[in-house]
Amino acid sequence: MTRWLGVALLPRADHTRSAIRLQQRLGVGRPLSPVLSEEGNLPHLTVFQGPFDDALDPVRELARIAASVSLPDELSLASVGVVHQPTGWLFMSVERPALLEKLQKSVLDALAPHLDRAAFDTSKDTSRFTEAERASFAQYGYRYTGDAYAPHITLGRTDEQSALELARTAHELTRVPEEWTFDRLSFYVMGEHGAHALKLAELSLAAA
């Protein structure tokens with residue numbers, strides 16, 4: 001059976017709450033979904049997500065990934081800003097340092113053998129993807145790997161025009177944090193729009 005799973009960095013508790021507040025303030029009058037919360041859809045920075053076979057052991061693989069990369073106890077990433085992504089997505093975009101690229105490569109090396117490639121959505125409309133995103137999607141079933149990796153916290157999805165307007169006016173509507181600090185790695189079950197719906201395994205960066 002195919003399982004739709006992901007690996008992510010989770011924000012420190014106070015920054016988790018900041019992301020939830022940011023979504024709430026931006027979504028007034030124009031609801032963003034799915035709704036972020038500390039109990040349900042956790043704010044997160046996806047490293048990779050996709051369809052996997054039953055042989056994958058999330059606890060074991062997360063430990064292997066953590067052991068393969070030297071990570072700080074906390075990873076702070078500068079905000080790039082609230083950005084729109086076609087179609088209808090609103091992202092809190094962050095910088096992409098070499099360490100984050102190295103982490104994604106380690107995740108891909110570990111998990112690619114477990115990908116259920118037959119489950120890739122070959123009917124998906126990729127007309128608004130960049131060339132790098134199309135190549136990433138064809139190889140891994142995920143839009144954002146390699147040159148196309150775009151680290152972000154998903155703030156939600158709405159109609160296209162509202163997403164464009166919110167990205168343009170975000171700094172007028174609310175204070176956007178200047179940086180985000182992450183202190184855990186998580187292996188999770190994907191929910192609506194790729195949300196972090198259920199945690200299967202977690203590792204503190206300090207213990208990794």
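Residues numbered from 1 in each chain as written. Predicted model: local features only at pLDDT ≥ 70, side-chain atom pairs only at ≥ 80, totals over all residues. Heavy atoms only, no water.

Hey, could you run me through the overall build of the chain in this one?
Tallying secondary structure elements over the chain gives five helices and seven strands in all. At 16 Å, the chain has a C-alpha radius of gyration in line with the 17 Å of a compact globule built from 208 residues. With the principal axes as the frame, the chain shows a C-alpha extent of 45 × 40 × 30 Å. For the chain, the residues scored as buried account for 53% of the 208 residues in total. The long-range share in the chain, meaning contacts at least 24 apart out of those at least 6 apart in sequence, stands at 75%. Mean positive and mean negative side-chain charge positions of the chain (21 and 27 charges, respectively) differ by 1 Å. (Helix = DSSP H or I, 4+ residues; strand = E, 2+ residues; numbered from the N terminus. Rg over C-alpha atoms; globule rule 2.2 N^0.38 Å. Buried < 20%, exposed > 50% of the residue type's maximum accessible area, 1.4 Å probe, protein only. Contact = heavy atoms within 4.5 Å. Lys, Arg positive; Asp, Glu negative; His and termini not counted. Charge placed at Lys NZ, Arg CZ, Asp CG, Glu CD.)

Help me out: how do you make sense of the packing of aromatic side chains in this one?
Scanning all chains against the criterion turns up seven aromatic pairs. Note on F48 and Y140: the rings are 6.1 Å apart at their centroids and 80° apart in plane angle, and the pair reads as edge-to-face. Of this pair, F48 sits in strand 2 (residues 45–52) while Y140 sits in helix 4 (residues 131–140), placing them 92 residues apart in sequence. The same class applies to F48 as to Y140, namely buried. (Phe/Tyr/Trp six-rings, centres within 6.5 Å; stacked < 30°, edge-to-face > 60°.)

Whenever I open this one, helix 3 (residues 98–111) confuses me. Can you help?
Three- or four-residue spacings in an α-helix give side chains the same orientation, since the helix completes a turn every 3.6 residues. Here helix 3 is 14 residues long and its end C-alpha atoms lie 20 Å apart, about the 20 Å a rise of 1.5 Å per residue gives. Buried within helix 3 are the following residues: L100, L103, Q104, S106, V107, L108, A110 and L111. In the core, the buried residues of helix 3 are packed alongside strand 1 (3–11), strand 2, helix 2 (58–68), strand 3 (75–85), helix 4 and strand 6 (179–190). (Expected span 1.5 Å × (residues − 1).)

Help me understand the side chain of S37 in this model?
Structurally, S37 can be placed in the loop between helix 1 (13–26) and strand 2. Of the polar contacts made by the side chain of S37, one reaches the backbone nitrogen of E39; its length is 3.4 Å. Those residues in contact with S37 that sit more than four places away from it in its chain are I20, L42 and P43. (Polar contact = N/O pair within 3.5 Å; in protein donor to acceptor, adjacent residues only side chain to side chain.)

I'm lost on the packing of helix 2 against helix 3 in this one. Help?
Relative placement of two packed helices is described by the angle separating their axes and the distance separating the axes. Contact pair helix 2 / helix 3: the axes reach a minimum separation of 9 Å and the direction vectors enclose 140°. Considered as vectors, helix 2 and helix 3 are oriented oblique to each other. When you trace helix 2 past helix 3, the crossing you get is right-handed. On helix 3, the residues that touch E61, R64, I65 and S68 of helix 2 are L103, S106, V107, A110 and L111. Class assignment of the residues belonging to the contact of helix 2 with helix 3 gives a composition of five nonpolar, two polar and two charged. (Axes fitted to C-alpha atoms, helices over the stretch in contact; angles between N-to-C directions. Parallel < 35°, antiparallel > 145°, perpendicular 65-115°, else oblique. Left-handed = near helix turned anticlockwise from the far one by under 90°. Nonpolar A, V, L, I, M, F, W, Y, C, P; charged D, E, K, R; others polar.)

Sorry, what's going on with the nonpolar core here?
For soluble globular proteins, nonpolar side chains are generally found buried alongside one another. By size, the foremost hydrophobic cluster in this structure holds 49 residues, and its most contacted members are V7, L9, L103, L111 and L185. Among the elements that make up this core, the one with the highest residue count is helix 3 (six residues). If we ignore the near neighbours within four places in the chain, the residues touching L185 are V7, A8, L9, L62, A66, L71, L103, A201, E202, L203 and L205. (Core = buried A, V, L, I, M, F, W, Y, C linked by side-chain atoms within 4.5 Å.)

How do you make sense of the pairing of strand 1 when you look at a structure like this?
Successive side chains on a regular strand alternate, one facing one side of the sheet and the next facing the other. Judged by how many residues are buried, strand 1 sits mostly within the fold: seven of nine residues are covered. Two strands pair when backbone bridges link them, and strand 1 and strand 2 are joined in this way by seven bridges, in the antiparallel orientation. Each residue of the ladder has a partner; that of L9, found in strand 2, is L45. The pairing of strand 1 with strand 6 spans seven bridges and is classified as antiparallel. (Pairing = 2+ DSSP bridges.)

Function cannot be read off these values alone, since they describe shape.
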